[in-house]
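This is what each chain is made of:
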Amino acid sequence: QVQLVESGGGLVQAGGSLRLSCTAYGGIFSRYTMAWFRQAPGKEREFVAGIVWSSTHTAYTNSVKNRFTISRDNGKNTVYLQMNNLKPEDTAVYHCAAKDRSIVTMLPSEYTYWGQGTQVTVSS
């Protein structure tokens, strides 16, 4: 199994930035597709961004495109989500997820490993 541990969440004002990190332990990370999902109170879990093991392909949900950037450092077994120009509607618990198929998909059920989540709160 792979354990995923997120960090970097916090409270920021609208227009601010945060960088989330997710480090994998106990498995093969470099060839895993990694993704970020978020879940706000009363809402379903939503795909945010994903990246394949080689970093040659990324995907974003439309609401974060041009504001968020996903990247990974396989030598550190870590994936990042740089979040700029944050908006109140970005407020959610952000989870990282992993799977061993080398394609980014958007359904939570297609990911095998999940972190516990980190809270992002954006005030207006």
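Look up: the structure comes first, before these words.
A brief look at the structure comes next. Just so it is clear, the structure is predicted and the values come from calculations on it, not from any experiment.

### A look at the sheet that holds strand 7 (residues 68-73)
1) Next: Across the sheet, four strands lie side by side as 1-3-8-7; this open sheet has antiparallel pairing. Edge positions in the sheet fall to strand 1 (3-7) and strand 7, since each of these pairs with one other strand and no more. Strand-to-strand twist in this sheet, taken as the mean axis angle between neighbours without regard to direction, amounts to 15°.
2) Next: Of the pairings in the sheet, the one linking strand 3 (residues 18-25) to strand 8 (residues 78-83) comprises six bridges and is antiparallel in character. Of the residues in strand 8, the one forming a bridge with Ser 21 is Tyr 80.

### With respect to the packing of aromatic side chains
1) Next: One pass over the structure, following the stated rule, counts five aromatic pairs.
2) Next: Between Phe 37 and Trp 114, the ring centres sit 5.0 Å apart and the planes meet at 50°, which makes this aromatic pair tilted. Of this pair, Phe 37 sits in strand 4 (residues 33-39) while Trp 114 sits in strand 10 (residues 113-114), and the two are 77 residues apart along the sequence.
3) Next: Residue classification places Trp 114 among the partly exposed positions, given a relative accessible area of 24%.
4) Next: Look at Tyr 111 and Trp 114: their rings are 6.4 Å apart centre to centre, the planes differ by 70°, and that puts the pair in the edge-to-face class.
5) Next: One aromatic cluster in this structure is built from Phe 37, Phe 47, Tyr 111 and Trp 114.

### Remarks on the pattern of salt bridges
1) Next: The full count for this structure, using the stated rule, is three salt bridges.
2) Next: Close ionic contact of Asp 90 with Arg 38 constitutes a salt bridge, the shortest N to O distance being 3.0 Å. In this pair, Asp 90 sits in the loop between strand 8 and strand 9 (92-99) while Arg 38 sits in strand 4, placing the two residues 52 residues apart along the sequence.
3) Next: Between Asp 90 and Arg 67 there is a salt bridge, and its shortest N-O distance comes to 2.8 Å. Here Arg 67 lies in the loop between strand 6 (58-60) and strand 7 and Asp 90 lies in the loop between strand 8 and strand 9, a separation of 23 residues in the sequence. The same class applies to Asp 90 as to Arg 67, namely buried.

### Brief notes about the side chain of Thr 105
1) Next: By the secondary structure assignment, Thr 105 is in the loop between strand 9 and strand 10.
2) Next: At a separation of 2.6 Å, a polar atom in the side chain of Thr 105 contacts the side chain of Glu 110.

### Side note on the state of the cysteines
1) Next: Evaluation of the coordinates by the stated rule reveals one disulfide.
2) Next: Sulfur-sulfur distance for the disulfide between Cys 22 and Cys 96 comes to 2.0 Å. Judged by the torsion about the S-S bond (50°), the Cys 22/Cys 96 disulfide is right-handed. Of the two residues, Cys 22 is situated in strand 3 and Cys 96 in strand 9; the sequence distance between them amounts to 74 residues.

### Some remarks on the pairing of strand 5 (residues 46-51)
1) Next: Counting buried residues in strand 5 gives five out of six residues, a clear majority hidden from the surface.
2) Next: As defined by bridge partners, strand 4 adjoins strand 5 across five bridges and the pair is classed as antiparallel. Within the sheet, the bridge partner assigned to Met 34 lies in strand 5 and is Ile 51.
3) Next: Between strand 4 and strand 5, which pair antiparallel and follow one another directly, the connecting turn spans six residues, one of which, Gly 42, has a positive phi of 80°.
4) Next: As paired strands, strand 5 and strand 6 are joined by three bridges and run antiparallel to one another. In the sheet register, Gly 50 faces strand 6, and the bridge partner there is Ala 59.

Reading the values: the criteria
Residues numbered from 1 in each chain as written. Predicted model: local features only at pLDDT ≥ 70, side-chain atom pairs only at ≥ 80, totals over all residues. Heavy atoms only, no water. Pairing = 2+ DSSP bridges. Helix = DSSP H or I, 4+ residues; strand = E, 2+ residues; numbered from the N terminus. Axes fitted to C-alpha atoms, helices over the stretch in contact; angles between N-to-C directions. Phe/Tyr/Trp six-rings, centres within 6.5 Å; stacked < 30°, edge-to-face > 60°. Buried < 20%, exposed > 50% of the residue type's maximum accessible area, 1.4 Å probe, protein only. Salt bridge = Lys/Arg side-chain N within 4 Å of Asp/Glu carboxyl O. Polar contact = N/O pair within 3.5 Å; in protein donor to acceptor, adjacent residues only side chain to side chain. Disulfide = S-S within 2.5 Å.

Keep in mind these values describe shape, not function.
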